[in-house]
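Structure at a glance
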Amino acid sequence: IRLTARIDPARDRLEKSVLSHAFGTNRPVLGICRGAQLLNVRRGGTLFQELASRRSKTSNRWTVLPLKTLHIEPETRLQRLLGAGPRQVNSLHNQAIDHLGTGLRVSGRDLDGIVQAVEDPTQAFLLGVQWHPEFLLYVGAQRSLFRALVTAAGAYCAARGPRC
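My aim in this report is to walk through the structure given alongside it, one point at a time. (Residues numbered from 1 in each chain as written. Predicted model: local features only at pLDDT ≥ 70, side-chain atom pairs only at ≥ 80, totals over all residues. Heavy atoms only, no water.)

Time to look at the sheet that holds strand 1 (residues 29-32). Across the sheet, 6 strands lie side by side as 1-8-7-6-3-4; this open sheet has mixed pairing. Two strands in the sheet have a free side with no partner beyond their single neighbour: strand 1 and strand 4 (87-91). Neighbour-to-neighbour, the strand axes of the sheet open up by a mean angle of 30°, direction not taken into account. Its contacts with the sheet place helix 4 (residues 140-160) against strand 1, strand 4 and strand 8 (126-129), and it is angled at close to 140° to strand 1. (Pairing = 2+ DSSP bridges. Helix = DSSP H or I, 4+ residues; strand = E, 2+ residues; numbered from the N terminus. Axes fitted to C-alpha atoms, helices over the stretch in contact; angles between N-to-C directions. Contact = heavy atoms within 4.5 Å.)

Grouped together as the largest cluster of nonpolar side chains are 16 residues, with contacts concentrated most on Leu70, Leu78, Leu82, Phe125, Leu127, Trp131 and Leu145. Breaking this core down by element, the ones donating at least two residues are strand 3 (63-72), helix 3 (77-82), strand 8 and helix 4. It is helix 4 that provides the largest number of residues to this core, a total of 4 residues. In this structure, Leu39, Ile97, Val106 and Leu126 belong to the second largest nonpolar core, which totals 12 residues. (Core = buried A, V, L, I, M, F, W, Y, C linked by side-chain atoms within 4.5 Å. Buried < 20%, exposed > 50% of the residue type's maximum accessible area, 1.4 Å probe, protein only.)

Take the environment of Trp131 next. Mapped onto the elements, Trp131 comes out in the loop between strand 8 and helix 4. Relative accessible area serves as the criterion here: at 0%, Trp131 is assigned to the buried category. In sequence terms Trp131 and Lys68 are 63 residues apart; their C-alpha atoms lie 9.3 Å from each other. At 2.7 Å, the side chain of Trp131 and the side chain of Gln142 are in polar contact. (Polar contact = N/O pair within 3.5 Å; in protein donor to acceptor, adjacent residues only side chain to side chain.)

As for its position among the elements, Arg80 is in helix 3. Look at Arg80 and you get exposed, because its relative accessible area is 60%. In the structure, Arg80 is positioned 64 residues away from Ser144 in sequence and 9.6 Å away in space, judged by C-alpha atoms.

Mapped onto the elements of the fold, Thr76 is located in the loop between strand 3 and helix 3. Taking the relative accessible area as the measure of exposure, Thr76 reaches 0% and is therefore buried. There is a polar contact of 3.1 Å between the side chain of Thr76 and the backbone nitrogen of Gln79. If we skip the residues at most four places from it in the chain, Thr76 touches Arg105, Val106, Ser107 and Glu119.

Now the structure itself:
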């Protein structure tokens, strides 16, 4: 099976502009799947364009079910939010981060060592996850990602007043 990329230049321009603005103003960002990839690319990183050939310990199956093991790096924001130890996440992608963008650090990998989460420890809240936590809201740890984003956005606006 040959997958063909669907390119939407207007969407790409919009999302690049939004991320550039967020980076420039230190606005809180939670990038999910494509958002994590774009976050990395906007910081000068690169992507693997396909993952099937890079997998030996995990399936390349796309599913909303939490069947992929996530290993969380210690002393990261992701560990503070999800807790230590492996977690189960879903997988709906065929691209992933290759070389890291400037200022980012890996905060989670799957069993094949493929990057599943990145963050910028110098920013108030800048986190990218390769899985889809919005499909895992019944898992309390996954809800903590959204709680943290809302808390960071509230703090951001409180510090800026009515012009937030």
